[in-house]
Amino acid sequence: MPRHHGRLRADEGLTLIELVVAMAIASIVGAIITTSMMMVYRTVNATSARAAVQAQLSQALMRLDREIRYASYVGSTVPGQKNVEYEMVNKMVTQCVQLRLAPSASGSQLQRRTWTQGAAAADLTAWLPLATGVTSDSPFTRIDPVNALTHQQLMIDLTAVDGVTQKHANITYTALNTNTTSVSVATAGTGLASAEPCYNSTTRT
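As the structure is a computational prediction, the values presented were derived from the model and not from experiment.

*Asks:* Lay out the pairing of strand S2 (residues 83-90) with the relevant residues and their values.
*Replies:* Among the 8 residues in S2, 6 count as buried, and that is most of the element. Pairing geometry for strand S1 (residues 73-74) and S2, over 2 bridges, is antiparallel. The residue of S2 that forms the bridge with Tyr-73 is Glu-87. In this sheet, strand S3 (residues 93-102) lies alongside S2 in antiparallel orientation, the contact comprising 8 bridges. Across the sheet, Glu-87 pairs through a bridge with Cys-96, a residue of S3. Linking S2 back to S3 in an antiparallel pair, the connection comprises 2 residues, with Lys-91 at a positive phi of about 55°.

*Asks:* Which residues make up the state of the cysteines, and what values go with them?
*Replies:* For the coordinates displayed, the defined rule picks out 1 disulfide. Residue Cys-96 pairs covalently with Cys-198 via a disulfide, S to S 2.1 Å. For the disulfide bridge between Cys-96 and Cys-198, the dihedral angle about the S-S bond is near -90°, and by the sign convention the bridge is left-handed. You can see Cys-96 sitting in strand S3 and its partner Cys-198 sitting in the segment after strand S9 (165-174), a full 102 residues away along the chain. Cys-96 sits in the buried class, given a relative accessible area of 0%. A residue is classified by how much of its surface remains accessible, and Cys-198, at 4% relative accessible area, is buried.

About the criteria used
- Residues numbered from 1 in each chain as written.
- Predicted model: local features only at pLDDT ≥ 70, side-chain atom pairs only at ≥ 80, totals over all residues.
- Heavy atoms only, no water.
- Buried < 20%, exposed > 50% of the residue type's maximum accessible area, 1.4 Å probe, protein only.
- Helix = DSSP H or I, 4+ residues; strand = E, 2+ residues; numbered from the N terminus.
- Pairing = 2+ DSSP bridges.
- Disulfide = S-S within 2.5 Å.

In structure tokens:
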């Protein structure tokens, strides 16, 4: 009589139960790998979005630092008002700079434009976007000097948004060429006074 060996012959293959168990294990391993890859992908995307938002906002604020630091006057601001002017002297030409937070097709923008002091409305430059996707309830706040040793300051409060990613910045710039005599005669809450160097009724749009 032939003997029965305890081992399966090489050509006997797998049973249905073994095949089902192997497929289940492969499915679990595949699900774990897929989930891990999706988590890594989301993390990379979120990090890239955060870096892009931070870079854009930082670049705009650094540019403003170079300008406002040497401003000879900062215009009055009103809580909730989304524009402000400051005065600069560039190559013996007195220039007015206006910032505003305005809606655009790609989200709210921090924008900038200039004009020569006393120029007509037609001489204003076009709005130049500095940062896109930024929001703020009250983006500009002027702080007046309290004595002869201090200067006008402009606080800019902005939040850059890209999807669910947000980057908040609150920076106070000091205009080193200003003093107590630079203070506006404007009454708080009424907007810019006509006595201010860069006041122009056509610029407040």
